[in-house]
Amino acid sequence: MAKQFLNKDIENCVEQSLIGYTLAHRDMLWKIKDFNAIVYRGHRKNKVAIVIGGGSGHEPLFPGYVGAGLADAACCGNICASPNPNLIYETAKAVDQGKGVLFIYGCYAGDNLNFDMGEEICRKNGIQTAHVRVWDDCTSAPRERIGDRRGIAGDVFTFKVAGGAADAGLSLEEVLRITEKARDHINSIGVATYPATLPGNTEPTFTMAEDEMEYGMGLHGEPGIERTKFTTADVIVDRMYSELKKEMDLKPDEEISVMVNGLGSTSMLEQNIVYYNLHRRLEEDGLKIHDAEIGSYCTCMAMGGFSITIMRMDEELKRYFDMPCYTPFFAKGSVSNAVACFVDTEEEEEEVSEETSEENVKIERSAPGILSKLSAEDARNMLMYVAGKIISSKPYLTKIDSAIGDGDHGIGMAGGMQKARRKLLAMKGETNVYKIFEEAGEQMLMSMGGASGVIFGSLFLAGADGMAPQTELQPADFADMEQKSLEAIQKRGGAQVGDKTMVDALAPAVGAMNAHRNDSFVDMLRAGEEGARQGMENTKNYIAKFGRAKSLMERAIGHQDAGATSVYIIFRSMREYIENTMNEEVLA
């Protein structure tokens, strides 16, 4: 197990980190109260605002690039999980000047879903928006599928150009055009030597022998293009540069900017040697180096390895790239009046109170034996039981997700269910059964982040949203609610059966419930559970079409999907509650 300097309440580590950072730089930055977002005190006035964001655990990405000449604000999700839509909206609202907000974030399924929803909320509230998805990792998908490529250290150069264009007072349309141009002139490749361990997890995000390394591995441990024996820096750099040169078709006399980025535990001595070798190759090929950066700009906890980023320059890009900027982690040129005069505000937060544990929540039922209908109070208790089962299954879900993902699914699901359970505890006495499901889903959506937050929040929220109040549900009512949720999930995420997602378990579960909608509640849920189980098992035969596992292609076959596993656990737990066979057993 990795040794990490964390407090006992690990679920609050992101908030505590952001508060610590803003307290240290309180002359420049403040944290939005009750939200994991930070804002530059001297943020742009009467200009386009730049908002960046993504999962935490990659510091200094994203909070480290909030400041003069760069981003006006950053919204930070849970560890390796995107920020939720409400967080994105609140961050944009804090810096919007009526000239529009440009969101910049890495191209990942969860970020794409959540930022899309965040923009929808912004527009409903009168905030004009645009976005740029960074996809610089050229090994993560072929060029013809560039929209499937991941964003890694190329984020930083993209932020720099966007900040310069916004400082120049350009319109949102022009800032968008120039930022997209910068993004499309950037390519990166990484190499990994040692895995990260996410806070709260006991196992690393991937395993690798001491004498191995992997070219093209993603920040979250996504598999790369080749695992091979570890070798010397010059050989590694030659291989990586050759990939970039081929991808970009670099020619003599072209002007470029370069970044050597440590992934978390690679020392500055090693990074400097990497650049020594890279500079030699660039000079041999007659390339002109406009700018070079060496350091840890985009990391994943204590992951070993580094990445190389190359940006092809032209006069327009140089104009905005060379404009001054300053943050505690990144600076260029001379910035006058970079920091607003510090004024103590109500937004300041100096500590995180530990939330009450609900480990010993008492689950109650309205009647002994098998329930024939679901009252609001039974729904509340059933969902608290489901939450407890998911929380207890966190290690198993983490293990499943680590095989083909980044290992954060268990953390996200457990965190979301904890928030949902806290809300449910406070809803004792609620008589509208749909309100119970709606509030539980809302808590998951707004706390989990990532694709899981949107999808699993919708599992309860979408089906209950807008329904006329009812004091109890019959089996057919419950089947209708889950059918509505399934349709909303597929519309939002686009997944179909066979894509290796939670839909593979949810669709057959809902289909089975509909087929048994006129049976007893427990028989309907037994059928739904079996549909979910079989759907989960079937994911072992599929190639992933969504999420971080999609880069594995055929290598994902043989592994079950973590989202589908969570769906199965949820349906099994609901059946146990209705059947009165509740237990403490978890999958292992």
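Residues numbered from 1 in each chain as written. Predicted model: local features only at pLDDT ≥ 70, side-chain atom pairs only at ≥ 80, totals over all residues. Heavy atoms only, no water.

A.B. asks: What am I meant to see in the overall build of the chain here?
C.D. replies: Secondary structure assignment for the chain yields 17 helices and 16 strands. Based on the C-alpha atoms only, the size of the chain along its principal axes is roughly 80 × 55 × 40 Å. Each of the 588 residues in the chain was classed as buried or not, and the buried ones make up 57%. At a minimum sequence separation of 6, the contacts of the chain that also span at least 24 residues come to 73%. Of the roughly 22,700 Å² of accessible surface on the chain, 49% is carried by carbon and sulfur atoms. Separation of charge centres in the chain, based on 62 positive and 88 negative side chains, amounts to 2 Å. (Helix = DSSP H or I, 4+ residues; strand = E, 2+ residues; numbered from the N terminus. Buried < 20%, exposed > 50% of the residue type's maximum accessible area, 1.4 Å probe, protein only. Contact = heavy atoms within 4.5 Å. Areas by Shrake-Rupley, 256 points an atom, 1.4 Å probe, with all protein chains shown as cover. Lys, Arg positive; Asp, Glu negative; His and termini not counted. Charge placed at Lys NZ, Arg CZ, Asp CG, Glu CD.)

A.B. asks: Explain the packing of helix α6 (residues 233-248) against helix α7 (residues 268-284) to me, please; I cannot follow it from the model alone.
C.D. replies: The packing of two helices is summarised by the inter-axis angle and the distance between the axes. α7 packs onto α6 with a crossing angle of 50° between their chain directions and a minimal axis gap of 9 Å. Classed by the angle they form, the pair α6 and α7 counts as oblique. In this structure, the crossing between α6 and α7 has a hand that is right-handed. Residues Ala-233, Asp-234, Val-237, Asp-238, Tyr-241 and Ser-242 of α6 pack against Ile-273, Val-274, Asn-277, Leu-278, Arg-280, Arg-281 and Leu-282 of α7. (Axes fitted to C-alpha atoms, helices over the stretch in contact; angles between N-to-C directions. Parallel < 35°, antiparallel > 145°, perpendicular 65-115°, else oblique. Left-handed = near helix turned anticlockwise from the far one by under 90°.)

A.B. asks: Which parts of the structure should I look at to understand helix α3 (residues 109-124)?
C.D. replies: Three- or four-residue spacings in an α-helix give side chains the same orientation, since the helix completes a turn every 3.6 residues. An ideal rise of 1.5 Å per residue puts 22 Å on 16 residues; α3 measures up with 23 Å between its terminal C-alpha atoms. Among the residues of α3, Gly-110, Asp-111, Asn-112, Leu-113, Asn-114, Phe-115, Met-117, Gly-118, Glu-119 and Cys-122 are the ones counted as buried. Count one or two residues on from α3 and you reach Gly-126, which has phi positive near 85°. (Expected span 1.5 Å × (residues − 1).)

A.B. asks: I tried to follow the sheet that holds strand β8 (residues 212-215) on my own but got confused; where do I start?
C.D. replies: One key point about sheets: their strands pair by backbone hydrogen bonds, in either a parallel or an antiparallel sense. Taken together, six strands build an open sheet; the order of strands is β9-β8-β7-β12-β10-β11 and the sheet is mixed. Among the strands making up the open sheet, the edge pair consists of β9 (226-229) and β11 (288-295). In this sheet, neighbouring strand axes are inclined to one another by 15° on average, regardless of whether the strands run parallel or antiparallel. Alignment of strand β10 (residues 255-262) against strand β12 (residues 304-312), held across seven bridges, turns out to be antiparallel. Across the sheet, Gly-262 pairs through a bridge with Phe-306, a residue of β12. (Pairing = 2+ DSSP bridges.)

A.B. asks: What should I look at first to understand the sheet that holds strand β5 (residues 101-106) in this one?
C.D. replies: Taken together, six strands build an open sheet; the order of strands is β1-β2-β4-β3-β5-β6 and the sheet is mixed. Sheet topology places β1 (29-31) and β6 (129-134) at the edges, where each strand pairs with a single neighbour. Averaged over all adjacent pairs, the angle separating strand axes in this sheet is 20°, with direction ignored. In this sheet, strand β4 (residues 73-79) lies alongside strand β3 (residues 49-56) in parallel orientation, the contact comprising five bridges. Note on β4: the bridge partner recorded for Gly-54 is Cys-76. The sheet contacts of α3 involve β3, β4, β5 and β6, and relative to β5 the element is tilted by about 170°.

A.B. asks: Looking at this structure, I do not really get the environment of Asp-111. What am I missing?
C.D. replies: Locating Asp-111 in the fold gives a position in helix α3. Since its relative accessible area comes to 5%, Asp-111 is described here as buried. Taking the C-alpha atoms as reference, Asp-111 lies 8.6 Å from Asn-84; in sequence the two are 27 residues apart. Among all residues touching Asp-111, those that are not within four sequence positions of it are Gly-53, Gly-54, Gly-55, Ser-82, Pro-83, Tyr-105, Gly-106 and Asp-116.

A.B. asks: Would you mind going over the pattern of salt bridges with me for this structure?
C.D. replies: Opposite charge on two side chains makes pairing possible when the charged atoms of those side chains draw close. The full count for this structure, using the stated rule, is 46 salt bridges. The shortest N-O distance in the salt bridge between Asp-72 and Arg-44 comes to 2.7 Å. Linking Asp-72 in the loop between β3 and β4 with Arg-44 in the loop between β2 (37-40) and β3, this pair joins segments that are 28 residues apart in sequence. Exposure remark for Asp-72: the relative accessible area of 2% places this residue in the buried category. For Asp-137, the salt bridge is made with Arg-150, and the minimal N-O distance between the two is 3.1 Å. Here Asp-137 is found in the loop between β6 and α4 (154-167), whereas its partner Arg-150 is found in the loop between β6 and α4, with 13 residues between them in sequence. Since its relative accessible area comes to 1%, Asp-137 is described here as buried. Look at the salt bridges and you will find they share partners, linking Glu-174, Arg-177, Lys-181, Asp-314 and Glu-316 into a network. (Salt bridge = Lys/Arg side-chain N within 4 Å of Asp/Glu carboxyl O.)

A.B. asks: Help me understand the packing of aromatic side chains, please; the structure alone is not making it clear to me.
C.D. replies: Enumeration over the complete set of coordinates arrives at 11 aromatic pairs. Where Phe-437 meets Phe-460, the ring centres are 5.8 Å apart and the plane angle is 55°; that geometry is what we call tilted. Taken as a pair, Phe-437 in helix α12 (residues 433-448) and Phe-460 in helix α13 (residues 450-464) lie far apart in primary sequence, 23 residues in all. Accessibility expressed as a relative area gives 0% for Phe-437, which makes it buried. (Phe/Tyr/Trp six-rings, centres within 6.5 Å; stacked < 30°, edge-to-face > 60°.)

A.B. asks: How should I be thinking about the nonpolar core in this particular structure?
C.D. replies: The biggest cluster of nonpolar side chains holds 70 residues, and the ones touching the most others in it are Phe-437 and Phe-478. With sequence-adjacent residues up to four places away left out, Phe-478 is seen in contact with Leu-374, Met-382, Phe-437, Leu-473, Met-513, Phe-521, Met-524, Leu-525 and Met-574. Listed in part, the 63 residues of the second largest apolar core include Val-132, Ala-182, Cys-298 and Cys-300. (Core = buried A, V, L, I, M, F, W, Y, C linked by side-chain atoms within 4.5 Å.)

A.B. asks: Hey, could you run me through the pairing of strand β7 (residues 186-194) in this one?
C.D. replies: If a strand is regular, its side chains alternate between the two faces of the sheet. Among the nine residues that make up β7, seven are buried, leaving the element largely enclosed by the rest of the structure. One ladder, built from eight bridges, connects β7 with β12; its direction is antiparallel. Across the sheet, Asn-187 pairs through a bridge with Ile-310, a residue of β12. Alignment of β7 against β8, held across two bridges, turns out to be antiparallel. Note on β8: the bridge partner recorded for Val-191 is Tyr-215.

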